Amino acid sequence: MTFFSRKNTKFIFTVVLLLFIVFLSFRGADNPVKGTTLWLISPFMKTFRIFSGGVQGFFHFLGSIGELKEDNEKLLNENQNLSAEIARLKDTAEENKVLRSEMSLIPKAKYDLEASFVIGQDALGSGSSIFIDKGENKGIREGMAVIVSNGILVGKINQVFPDTSKVVLISDRESAIAGEVLESGAKGIIRGTYGLGTMMDMISQAEVVKEGDTAITSGLRGGIPRGLLIGKIGQVEQSEDKLFQQATIFPSANFSSLKVVFIVKSF
Amino acid sequence: MKNFNLFLLILVLFIFQFSILGVFFQSGRIPNLFVALVVSLAIIFGFEKSLPWVVFAGFLSDAGSTWLFGSGILALVIILWLIDKVKAIAEFRSKRYLFAFLLFLTTGVSSVAFDISIELILKAEKLFSLGVSSASLNLSFGTDYTLKTAYTALSVIAVYFFVRKIPKRSNIILARK
């Protein structure tokens, strides 16, 4: 059998053609093939995503039946504690309003939000980006912050297609968001680690950062408002070059169960 | 219409891959169903008959992924060709357990080969275009990656089962052993 058999010739021709396509193609949202394919298929993706979310919820419910009694008792206790907590919070609400204005945190009601369904995720890559069902036609732009209902940051818009967008989660290794520790005001860069981990890097040695502190966005980079919750600070350690501190962050959002997200269009 | 079943199967795999599996599997552990499809197609149909379908599957995988368009198709076509070169696996169809083991092994190795190919393309892209964001699969051969490879290898059972049913329904002639 010669090397240039019909099969091998087909293979070589296909590979050369594909190399040519890869070389000429571009990754951005301007790629019309990608945009059109996603537009065609996004209604199916949305339907099945919502359906599978329901199925997962059902199985989760079945698995938790045994724990219902215990959970019920726990909830009753929690309810009592929360009633006391509400009374205390009413007092601090007024104080919070003053603090919020002092720290230039924008009240969440002022965000111009666009609700969107999560329709899929980059399952073949690192898994740290998701697709949503709103795009350019709804005024979505690259770099906008993406939050969940309680003002918790989950990521930012990375690519915008006509009717869909790709969101890079804060757990992505290449994602970099300006962050701040609420308690001490220490500033740093929040980036993803492998898997779904997140960390705060580039914190000055002069700053005091403690485990359990709250990490928020500092608003120093465009597109992301100040004051969005990111998570709780975990272990704090020295960076490899000993010039900065870095801290692991336990994100407040559960990235694997995102169903609906909100895009901050303006703030 | 004779190939409609295969067309539909690839679309279903796409929906599963990008919309459904992410709900049930932890990020980073999601099996690569397209690799399982390519392994099944290569064994059942051979290189030439599978090529257009692999290109279609790769096209869809590229549509849902971060990397450059064409990278997924290229990686899948190379895997298809390599598996077709190792035809020996098809000889063991009658020896059920050995065949299943070889199928798992081939799929697992193909899954790793797919990721390495994509990573190489991304690295090449980074060389030519500076400032490209997210230009990495963040490959680290830890627990997550091992589980992802294992799940991919296991997923070939279901994919192979469905692909095997197609020739009977659509008069496609199987590749010669």
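Cut-offs applied
- Residues numbered from 1 in each chain as written.
- Chains lettered and ligands numbered in written order.
- Predicted model: local features only at pLDDT ≥ 70, side-chain atom pairs only at ≥ 80, totals over all residues.
- Heavy atoms only, no water.
- Salt bridge = Lys/Arg side-chain N within 4 Å of Asp/Glu carboxyl O.
- Helix = DSSP H or I, 4+ residues; strand = E, 2+ residues; numbered from the N terminus.
- Buried < 20%, exposed > 50% of the residue type's maximum accessible area, 1.4 Å probe, protein only.
- Phe/Tyr/Trp six-rings, centres within 6.5 Å; stacked < 30°, edge-to-face > 60°.
- Axes fitted to C-alpha atoms, helices over the stretch in contact; angles between N-to-C directions.
- Left-handed = near helix turned anticlockwise from the far one by under 90°.
- Contact = heavy atoms within 4.5 Å.
- Nonpolar A, V, L, I, M, F, W, Y, C, P; charged D, E, K, R; others polar.
- Domains from an automatic or database assignment.
- Buried area = accessible area lost by both parts, 1.4 Å probe.
- Patch = residues over 30% accessible without salt bridge, like charges linked within 9 Å, V, L, I, M, F, W, Y side chains within 5 Å.
- Areas by Shrake-Rupley, 256 points an atom, 1.4 Å probe, with all protein chains shown as cover.
- Polar contact = N/O pair within 3.5 Å; in protein donor to acceptor, adjacent residues only side chain to side chain.
- Core = buried A, V, L, I, M, F, W, Y, C linked by side-chain atoms within 4.5 Å.
- Parallel < 35°, antiparallel > 145°, perpendicular 65-115°, else oblique.
- Pairing = 2+ DSSP bridges.

**Remarks on the pattern of salt bridges**
One pass over the structure, following the stated rule, counts 10 salt bridges over all chains. For Arg226 of chain A, the salt bridge identified is with Glu180 of chain A, shortest N-O distance 2.7 Å. In this pair, Arg226 of chain A sits in the loop between strand 9 (214-217) and strand 10 (229-238) while Glu180 of chain A sits in strand 6 (residues 176-181), placing the two residues 46 residues apart along the sequence. When its relative accessible area of 15% is taken as the criterion, Arg226 of chain A is described as buried. Sharing partners across several salt bridges, the network here consists of Arg6 and Lys10 of chain A together with Glu48 of chain B.

**Remarks on the packing of aromatic side chains**
Residues and elements named next belong to chain B. For the coordinates displayed, the defined rule picks out 11 aromatic pairs over all chains. Taking 5.4 Å as the distance between ring centres and 75 degrees as the angle between the ring planes, the aromatic pair formed by Phe59 and Phe69 counts as edge-to-face. Of this pair, Phe59 sits in helix 3 (residues 47-63) while Phe69 is found in the loop between helix 3 and helix 4 (71-85), placing the two residues 10 residues apart along the sequence. We classify Phe59 as partly exposed; its relative accessible area is 26%. Their ring planes at 65 degrees and their centres at 5.6 Å tell us that Phe99 and Tyr160 sit as a pair that is edge-to-face. Placement of the pair is Phe99 in helix 5 (residues 96-128) and Tyr160 in helix 6 (residues 143-170), with a sequence separation of 61 residues. Tyr160 carries the same exposure label as Phe99, and that label is buried.

**Side note on the packing of helix 2 (residues 33-45) of chain B against helix 4 of chain B**
Residues and elements named next belong to chain B. As a packed pair, helix 2 and helix 4 sit with axes 9 Å apart at the nearest point and diverge in direction by 35 degrees. Here the hand of the crossing between helix 2 and helix 4 comes out right-handed. Residue-level contacts link Phe34, Val35, Val38, Val39, Ala42 and Ile43 of helix 2 to Leu76, Ile79, Leu80 and Ile83 of helix 4. Along the lines of polarity and charge, the residues of the contact of helix 2 with helix 4 split into 10 nonpolar, no polar and no charged.

**Some thoughts on the domain arrangement of chain A**
All names here are of chain A. Assigned domains of chain A: these are domain 1 (1-104) and domain 2 (112-267). Taken together, the contact between domain 1 and domain 2 spans 15 residues of the former and 16 residues of the latter. Taken together, both faces of the contact between domain 1 and domain 2 bury some 1500 Å²; the carbon and sulfur share is 61%. Scanning the region where domain 1 abuts domain 2 turns up zero salt bridges. Residues that form the side of domain 1 that touches domain 2 fall into these classes: six nonpolar, five polar and four charged.

**Describing a nonpolar patch on the surface**
A cluster of nonpolar residues, Phe58, Phe59, Phe61, Leu62, Ile65 and Leu68 of chain A together with Phe24 of chain B, forms a patch on the protein surface that exposes about 680 Å² of accessible area. Along the chain, the position of Ile65 of chain A falls in the loop between helix 2 (32-64) and helix 3 (68-102).

**Brief notes about the interface of chain A and chain B**
On the chain B side, the residues contacting the 51 residues of chain A number 54 residues. Our count for the chain A to chain B interface comes out at two salt bridges. In this structure, Arg6 of chain A and Glu48 of chain B form a salt bridge, with 3.1 Å as the shortest nitrogen-oxygen distance. There are nine residue pairs in polar contact (both at pLDDT 80 or more) connecting chain A and chain B.

**Things to note about the side chain of Gln246 of chain A**
Residue and element names in this part refer to chain A. With respect to the element layout, Gln246 can be found in strand 11 (residues 244-251). You can call Gln246 buried: its relative accessible area is 16%. Residues within four places of Gln246 in sequence aside, it is in contact with Met199, Met200, Asp201, Ile203, Gln235, Val236, Glu237, Gln238 and Ser239.

**As for the nonpolar core**
Counting 62 residues, the largest nonpolar core has Met45 of chain A together with Leu6, Phe14, Leu37, Leu41, Phe114 and Val163 of chain B as its most contacted members. For this core, the secondary structure elements donating two or more residues are helix 1 (6-24) and helix 2 of chain A together with helix 1 (4-24), helix 2, helix 3, helix 4, helix 5 and helix 6 of chain B. For this core, the element with the highest residue contribution is helix 2 of chain B, accounting for 12 residues. When residues of this core are assigned to domains, at least three fall in each of domain 1 (1-104) and domain 2 (112-267) of chain A. Ignoring sequence-local partners within four residues, the contact set of Leu37 of chain B consists of Leu9, Ile10, Leu13, Ala57, Val159 and Val163 of chain B. The next biggest cluster of nonpolar side chains, apart from the first, holds 38 residues, and it includes Leu169, Ile177, Val181 and Phe255 of chain A.

**So, unusual backbone geometry**
Positioned with a positive phi, Met202 of chain A is a non-glycine residue whose angle comes to about 60 degrees. Following the sequence through the fold, Met202 of chain A ends up in strand 8 (residues 198-204).

**Regarding the packing of helix 2 of chain A against helix 3 of chain B**
The geometry of helix 2 of chain A relative to helix 3 of chain B is characterised by a closest axis approach of 9 Å and an angle of 90 degrees between their N-to-C directions. For the element pair helix 2 of chain A / helix 3 of chain B, the angle class is roughly perpendicular. The segment helix 2 of chain A lies against helix 3 of chain B, with Val33, Lys34, Thr37 and Leu38 of chain A engaging Phe59, Leu60, Asp62 and Ala63 of chain B. In the contact of helix 2 of chain A with helix 3 of chain B, the residues fall into five nonpolar, one polar and two charged.

**Overview of the pairing of strand 9 of chain A**
Residue and element names in this part refer to chain A. Burial along strand 9 is two-sided: Thr214 and Ile216 facing one way and Ala215 and Thr217 facing the other are all buried. Pairing analysis gives three bridges linking strand 6 to strand 9, with the strands arranged antiparallel. Directly across from Gly179, in strand 9, lies its bridge partner Thr217. As paired strands, strand 9 and strand 10 are joined by three bridges and run antiparallel to one another. Across the sheet, Thr214 pairs through a bridge with Lys232, a residue of strand 10.

**Focus on the side chain of Ser71 of chain B**
Tracing the sequence through the fold places Ser71 of chain B in helix 4. Beyond its immediate stretch of four places on either side in the chain, Ser71 of chain B contacts Val22 of chain A together with Asp62, Ile118 and Ile121 of chain B.

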